[in-house]
Amino acid sequence: MPRKIAPAVFAFLLIALAACRFGPEAPPPAADRPTQPATATRTPRPTVTPIPPPTQRATFTPEPSKTPIDITVTPVWNPAGERILIQTEDGLELVGYYYIAPQPNAPVVILMHQFGSSQAQAWPQSDLIPWLQNYPVKGENPPEPTRSAQGKLPLMPPDLHFNVLTFDFRGHGESPGQVLSYITTEAQRGYLLDAQAAYARAAFLPNADPNQIIGIGTSIGADAVVNACKQGCAGAFSISPGSYLGLDWAAEAYRVTNAGKPVRCIYAFNDGNTAAFCTSRSVTAYYHIAGYEGKKHGEDFLVPRKMESNFGQILLDFLLEAAGIIKQP
């Protein structure tokens with residue numbers, strides 16, 4: 001090797017040896033390291049639960065105030081009614097059906113059947129429900145009111161319409177409860193709770209005027225419409241009452257009429273003690289009675305072939321008074 005190259009080679013070897021001995025420079029302590037900006041995190045969007053499609057059947061769960069308001073429900077005539085549940089104070093769910101009127105904020109008529117019957121048996125025979133709803137007859141110009149009971153019920157004013165609520169007392173029809181062959185003391189209390197629950201439920205139904213709830217009943221229902229007639233109740237029509245629910249019907253009827261609400265008592269002369277209950281009170285501006293020959297009881301008065309000639313007019317006059325169309329002086 002030439003001499004003039006030796007010093008350069010020697011210098012190179014010294015540099016290489018130093019690198020192998022000491023290695024690369026150690027990183028500075030953590031405190032001396034330059035601060036790196038924090039990496040931004042992205043919060044994922046919350047999962048969106050799809051809104052279920054609307055049901056095709058109307059549901060009845062609104063809670064309107066006790067003051068009549070404009071309801072946006074579109075009335076649709078449904079001969080079968082809309083099935084609803086009525087919660088009683090002691091925890092039963094009675095089955096009822098609601099038949100809507102063709103105008104908003106209409107009064108509600110509650111129909112209460114007699115012992116051993118049901119809503120399906122009691123009311124269809126006279127077409128009482130469509131008569132109360134009073135939908136205009138199609139094809140008539142001007143529209144005619146609904147005809148019912150083979151012409152035994154008079155034509156209602158064309159602008160008068162009622163919502164209708166029916167239900168089965170406990171142990172009857174579709175409602176739960178023990179089926180009884182006679183009325184026990186416990187059953188009396190239960191039937192009264194059922195009637196109270198029906199009045200309360202009617203006030204919160206769509207299209208209903210909560211201040212105009214009207215009761216029409218037969219036998220135990222005749223007692224119940226009076227006994228449960230309190231706030232919101234505008235009157236009671238009793239067919240064959242008999243103090244069947246453990247309360248004095250005449251005293252209860254006096255309580256209702258004393259509050260300025262109409263009560264009617266329909267009876268047959270030979271129907272047990274019914275005549276005695278109806279006639280035990282004097283006729284007043286708010287209390288009227290109608291007695292008939294024979295021993296018809298309760299729902300018998302609604303059978304068209306048995307319906308008394310003036311029964312329908314008595315019923316219509318009562319409805320006009322309870323709805324506030326006819327005013328007492």
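Quick look at the structure, then.

So, how was this worked out
Residues numbered from 1 in each chain as written. Predicted model: local features only at pLDDT ≥ 70, side-chain atom pairs only at ≥ 80, totals over all residues. Heavy atoms only, no water. Disulfide = S-S within 2.5 Å. Helix = DSSP H or I, 4+ residues; strand = E, 2+ residues; numbered from the N terminus. Buried < 20%, exposed > 50% of the residue type's maximum accessible area, 1.4 Å probe, protein only. Pairing = 2+ DSSP bridges. Axes fitted to C-alpha atoms, helices over the stretch in contact; angles between N-to-C directions. Contact = heavy atoms within 4.5 Å.

**Section: the state of the cysteines**
Working step 1: According to the stated counting rule, one finds two disulfides in the structure shown.
Working step 2: Between the sulfur of Cys229 and that of Cys233 lies a disulfide, 2.0 Å long from S to S. Where Cys229 bonds to Cys233 through sulfur, the torsion about that S-S bond is close to -95 degrees, and the disulfide is left-handed.
Working step 3: Disulfide partner of Cys265: Cys278, at an S-S distance of 1.7 Å. Residues Cys265 and Cys278 are joined through a disulfide that is left-handed, its torsion about the S-S bond being -60 degrees. With Cys265 in strand β7 (residues 263-268) and Cys278 in helix α7 (residues 274-279), the pair connects residues that are 13 residues apart, well separated along the chain.
Working step 4: Classification of Cys278 as buried rests on a relative accessible area of 0%.
Working step 5: For the chain, the bonded cysteines connect in the pattern 1-2, 3-4 when numbered consecutively along the sequence.

**A word on the sheet that holds strand β4 (residues 163-167)**
Working step 1: Read from one edge of the open sheet, eight strands run β1-β2-β4-β3-β5-β6-β7-β8, paired in mixed fashion. The open sheet has two free edges, formed respectively by β1 (82-87) and β8 (287-292), since each of these has just one partner strand. Across the sheet, the mean angle from the axis of one strand to that of its neighbour is 20 degrees, orientation sign disregarded.
Working step 2: Sheet topology places strand β2 (residues 93-99) next to β4; four bridges connect them, and they run antiparallel. The residue of β4 that forms the bridge with Tyr98 is Leu165.
Working step 3: Relative to β7, helix α6 (residues 249-258) is tilted by about 150 degrees, and along the sheet it contacts β6 (233-239), β7 and β8.
Working step 4: Lying over the sheet, helix α8 (residues 311-322) contacts β3 (106-112), β5 (208-218), β6, β7 and β8, oriented at roughly 165 degrees with respect to β6.

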